[in-house]
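# Close look at the chain arrangement
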Amino acid sequence: MRLTTAQALVRFLANQYSERDGVEQRLIPGVWGIFGHGNVAGIGQALLQAARTGEAGLPYHLARNEQGQVHAATAFAKMRNRLQAFACTASTGPGSTNMITGAALATTNRLPVLLLPSDVFATRSPDPVLQQLEDTRGGDVTVNDAFRPVSKYFDRITRPEQLIPAALAAMRVLTDPVETGAVTLCLPQDVQAEAHDWPEEFFRRRVWHVGRPLPEPDALARAADALRSAKAPLIVAGGGVVYAGAEQQLRAFAEATGIPVADTHAGKGAVAWDHPCAVGGLGSTGTSAANALAAEADVVLGIGTRYSDFTTASHTVFGNPAVRFVNLNVARLDAAKHSADMVLADAKRGIEALHGALSGWQVDEAYRTRTRMLADDWNRKADACFSLGHGPLPAQTEILGALNQALDDRDVVINAAGSMPGDLQMLWRARDPKAYHVEYAYSCMGYEVAAGVGAKMAAPDREVVVLVGDGSYLMMAQEIVTMIAEGLKVIIVLVQNHGFASIGALSEALGSQRFGTSYRYRSDDSGLLEGGVLPVDLAANAASLGATVLRASTVDEFTTAIAQAKANPATTVVHVETDLHGPNPPGSAWWDVPVSQVAELESTRKAHETYSATKHAQRHYL
């Protein structure tokens, strides 16, 4: 079958399927892209030809920023539990390197996305081509080599026939829960258009089976013995619970054993916030309930968690000197953390096996009572954060409380960076595992609006609400245009506080006096950016991109605006100003951000004293 390399790739991708638990779906549901000289005559022509001729093709979606398209694809994969992954094509040079941040986010979050960056001529005939980086260390180095450290699989197709093993390897990695992340196939622009005689078998319908590995019996026995010895056990539920669809199994296991369940950002909603065993977020921005139980825990059962520094409060939250870890994870990398007893298995199958192995065992009733008491106490604190009556501008926590109250259980809230992820982990009351979509592995500013596109495409029957601060909005808001073009209804809550609230508060705590964290004119007196507020109107900007815009200045007005946005069939931006300085929810844990050991500023010296005293609690879990 004589086709160009690009035509062969499109035909191959259109015939790939994933399967789990007997359910099949297209593995690559479509292609995101922005065309330039590097891919318009290759991938672009192939996509067009497939669409015009009626052959099995791939729907094409036009993004407005290459980083944004990767975020949209990643959010889609997250909503679909990693069983589907979009491809993303970009032109040579800056178009391709714009995707690197998105690749890092996908790989850090263990979410599949297929990247197809265009590359310079393999023949080197017009060397150097427009946008080519000339490296004195070697003629085979291109800017796309920067994808290597942020990709789980990387290949450069310099001959058409190389596509066959590379494409098969790419599908293997995309569908492997242990290895998945960004997969990068670099496509030189001349090779994309080069013809080759392909074996028809290459294009047959392929089903990639996503298995559910069972725990090894001896490992299961060791884990059960450790849990049976526990007087104060704690479960840490991570994203692996959600991606495995193990929410029901986790709830049944927690109810039977009485072990309290704390969650990470990726695991929130696996157990409903008001479940008798639920104690909320864990770690640096965790609830006082979860962190108090973590401090006392003698056995910690981590399920599908990667134990980021925010989850462990930089290795301080688990305070019991004799604490032991049992980690149930499909990936050995995560299962081995903290010198744990490892159970290598799919979360659903592993929880079921542990449930059976612990049949008849449960924690003391007094421990169940303490769990509920701590959770109830935290919920009262959260209620207070929602109803502060703060003025003249409302506190961010009041806006979050009003939004949480206005949304239905299945409505999706999206966030990634700034002060809101911390507030959300402490305060958001999720009942559905797909209703809480906070990207906090890479915590990428600019993720939110683009992710709203991908999440809505993945779940068109759900209301999707993007929570974005002014800092993130200014970095990447242009995918609002994509929402309009694709006919996607998304609600965007744009929280304007004229600065970086999270880093501002952190800066102040570390003795750096909120330097460089406010959006202000340069002061004539100090020469610093601490003058008057800039005349920025982000609501007007959103309207210029095609969105319906509603403005709110009070909590009541915000509640009314959200109701109007839900009733509106089109993308709607609700703009609300909040107080840059809080107040914030009460913290109960630490985050290790080093402070200058020597300083002339008194604020920095005092902050270092506090840092040194707190750091004494940090330790390796050995």
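Residues numbered from 1 in each chain as written. Predicted model: local features only at pLDDT ≥ 70, side-chain atom pairs only at ≥ 80, totals over all residues. Heavy atoms only, no water.

### Here's the deal with the overall build of the protein
This is how the line gets drawn: For the purposes of this entry, the term helix denotes a DSSP run of H or I that reaches at least four residues, the term strand denotes a run of E that reaches at least two, and both are numbered from the N terminus. Put simply, the radius of gyration uses C-alpha atoms, and a globule should come to 2.2 Å times the residue count raised to 0.38. With a 1.4 Å probe rolled over the protein chains alone, any residue whose accessible area is under 20% of its type maximum counts as buried; one over 50% counts as exposed, and the rest are partly exposed. Areas reported here follow the Shrake-Rupley algorithm with a probe of radius 1.4 Å; residue values treat only the protein chains shown as occluding.
If you tally the helices and strands in the protein, you get 23 helices and 23 strands. In terms of overall size, the protein behaves like a compact globule, its C-alpha atoms giving a radius of gyration of 25 Å where 622 residues would be expected to give roughly 25 Å. For the protein, the spread of C-alpha atoms along the principal axes amounts to about 70 × 70 × 55 Å. Out of the 622 residues belonging to the protein, those deemed buried represent 59%. For the protein, the exposed surface amounts to about 23,900 Å²; the carbon and sulfur share of it is 53%.

### Describing helix α1 (residues 5-13)
A large share of α1 lies buried, amounting to nine of its nine residues. Of all the positions in α1, only Thr 5, Ala 6, Gln 7, Ala 8, Leu 9, Val 10, Arg 11, Phe 12 and Leu 13 are classed as buried.

### So, the environment of Arg 11
Defined as follows: We call two residues contacting when some pair of their heavy atoms lies within 4.5 Å.
Looking at the secondary structure, you find Arg 11 in helix α1. For the pair Arg 11 and Ile 303, spaced 292 residues apart in the sequence, the C-alpha separation amounts to 38 Å. Dropping the residues within four chain positions of it, Arg 11 is found in contact with Met 1, Leu 3, Glu 55 and Phe 203.

### Re the packing of helix α3 (residues 66-79) against helix α17 (residues 447-458)
Stated precisely, the cut-off is as follows: What counts as an axis is a line fitted to C-alpha atoms, over the stretch in contact for a helix, and the angles between N-to-C directions run from 0 to 180 degrees. Orientation labels follow simple angle bins: below 35 degrees gives roughly parallel, above 145 gives roughly antiparallel, 65 to 115 gives roughly perpendicular, and whatever is left gives oblique. Crossing handedness follows the turn of the near helix against the far one: under a right angle anticlockwise gives a left-handed crossing, and clockwise gives a right-handed one. Gly is put with the polar residues, along with every residue not named as nonpolar or charged; the nonpolar set is Ala, Val, Leu, Ile, Met, Phe, Trp, Tyr, Cys and Pro, and the charged set is Asp, Glu, Lys and Arg.
Here α3 crosses α17 at 45 degrees, and the two axes come no closer than 7 Å. On the basis of their axis angle, the class for α3 and α17 is oblique. Along this stretch, α3 crosses α17, giving a crossing that reads as right-handed. Facing Gly 68, His 71, Ala 72, Ala 75, Phe 76 and Met 79 of α3, the residues of α17 in contact are Tyr 447, Ala 450, Ala 451, Val 453, Gly 454, Ala 455, Met 457 and Ala 458. Its residues placed into classes, the contact of α3 with α17 shows eleven nonpolar, three polar and no charged.

### Considering empty space enclosed by the protein
Rules: Cavity means a closed set of points on a 1 Å grid over the protein atoms alone, one where a 1.4 Å probe fits but cannot get out, pocket means an open set with protein on both sides within 12 Å along at least 5 of 7 lines, and lining means a residue has an atom within 4 Å of a point. Grid points are joined across faces, edges and corners, and a volume is the space filled by probe spheres set on the points.
This structure, assessed with the given rule, holds seven cavities of 30 Å³ or more. Within this model, the largest cavity holds a volume of roughly 640 Å³. Forming the walls of the largest cavity are 46 residues, and the residues nearest its centre are Arg 82, Gly 239, Gly 240, Tyr 243 and Gly 304. Looking at which element gives the most residues to the lining of the largest cavity, the answer is helix α9 (residues 239-243), with three residues. Among the residues forming the lining of the largest cavity, the class breakdown is 20 nonpolar, 17 polar and nine charged. Roughly 190 Å³ of volume is contained in the second largest cavity.

### Things to note about the sheet that holds strand β6 (residues 87-90)
Rule in force here: For two strands to count as paired, DSSP must find a minimum of two bridges between them.
Ordered by their spatial adjacency, six strands build an open sheet running β5-β4-β6-β7-β9-β8, and the pairing between neighbours is parallel. Among the strands making up the open sheet, the edge pair consists of β5 (60-62) and β8 (153-156). Taken pair by pair, the neighbouring strands of this sheet meet at an average axis angle of 20 degrees, ignoring direction. Relative to β5, strand β4 (residues 31-33) runs parallel, the two being bridged by three bridges. Considered in β5, the bridge of Trp 32 is made with His 61. Sheet strands in contact with α3 are β4, β6 and β7 (113-119), and its direction is about 175 degrees off that of β6.

### A closer look at the packing of aromatic side chains
Operational definition: Two aromatic rings from Phe, Tyr or Trp, using only the six-membered ring of Trp, form a pair when their centres are within 6.5 Å; if the ring planes differ by under 30 degrees the pair is stacked, by over 60 it is edge-to-face, and anything between is tilted.
Going through the model one piece at a time under the given rule, you end up with 14 aromatic pairs. Centre to centre, the rings of Trp 198 and Phe 202 are 5.9 Å apart; their planes meet at 15 degrees, and the pair counts as stacked. Residues Trp 198 and Phe 202 agree in their burial class; the two are buried. An angle of 90 degrees between the planes, with centres 6.0 Å apart, marks the rings of Tyr 307 and Phe 325 as edge-to-face. With Tyr 307 in the loop between β15 (299-303) and β16 (324-329) and Phe 325 in strand β16, this residue pair connects regions lying 18 residues apart in the sequence. When its relative accessible area of 3% is taken as the criterion, Phe 325 is described as buried. Following the ring pairs from residue to residue traces out a cluster consisting of Phe 12, Trp 198, Phe 202 and Phe 203.

### Brief notes about the pattern of salt bridges
Any two side chains of opposite charge can pair, so long as their charged atoms come close to each other. So the rule is basically this: The salt bridge definition used is simple: a Lys or Arg side-chain nitrogen within 4 Å of an Asp or Glu carboxyl oxygen.
Inspection of every chain in the model, using the stated rule, returns 34 salt bridges. One salt bridge connects Arg 205 with Glu 24, and the closest N-O pair in it is separated by 2.9 Å. With Arg 205 in the loop between β10 (195-197) and β11 (206-209) and Glu 24 in strand β3 (residues 23-26), the pair connects residues that are 181 residues apart, well separated along the chain. When its relative accessible area of 44% is taken as the criterion, Arg 205 is described as partly exposed. The salt bridge partner of Arg 431 is Asp 274, with a shortest N-O separation of 2.8 Å. Here the residue Arg 431 occupies a position in the loop between α16 (420-427) and β19 (436-438), and Asp 274 occupies one in the loop between β13 (261-263) and β14 (278-281), the gap between them amounting to 157 residues. The class for Asp 274 is partly exposed, based on a relative accessible area of 33%. When salt bridges with common partners are traced through the structure, they connect Asp 119, Asp 145, Arg 148 and Arg 156 into a single cluster.

### With respect to the side chain of Thr 257
Filter applied, for reference: Counting of polar contacts relies on pairs of N or O atoms within 3.5 Å, with two restrictions inside protein: one atom must be capable of donating a hydrogen and the other of accepting it, and residues adjacent in sequence are counted only when both atoms are side-chain atoms.
Looking at the element boundaries, Thr 257 is found in helix α10 (residues 247-257). Relative accessible area serves as the criterion here: at 2%, Thr 257 is assigned to the buried category. Reaching out from Thr 257, the side chain makes a polar contact with the backbone oxygen of Phe 253 at a distance of 2.8 Å. A distance of 3.3 Å separates a polar side-chain atom of Thr 257 from the backbone nitrogen of Ile 259. Once residues lying within four places of it in the same chain are set aside, the contact partners of Thr 257 are Trp 361, Gln 362, Val 363 and Arg 368.

### Focus on the layout of surface pockets
Of the voids in this model, the largest pocket is the one considered here, and its volume is about 1,200 Å³. Together, 50 residues line the largest pocket, and Thr 285, Phe 310, Ser 502, Leu 506 and Trp 591 are the ones closest to its centre. Among the elements that make up the lining of the largest pocket, the one with the highest residue count is helix α20 (residues 501-509) (six residues). For the lining of the largest pocket, the residue count by class is 25 nonpolar, 20 polar and five charged.

Geometry only, nothing functional implied.
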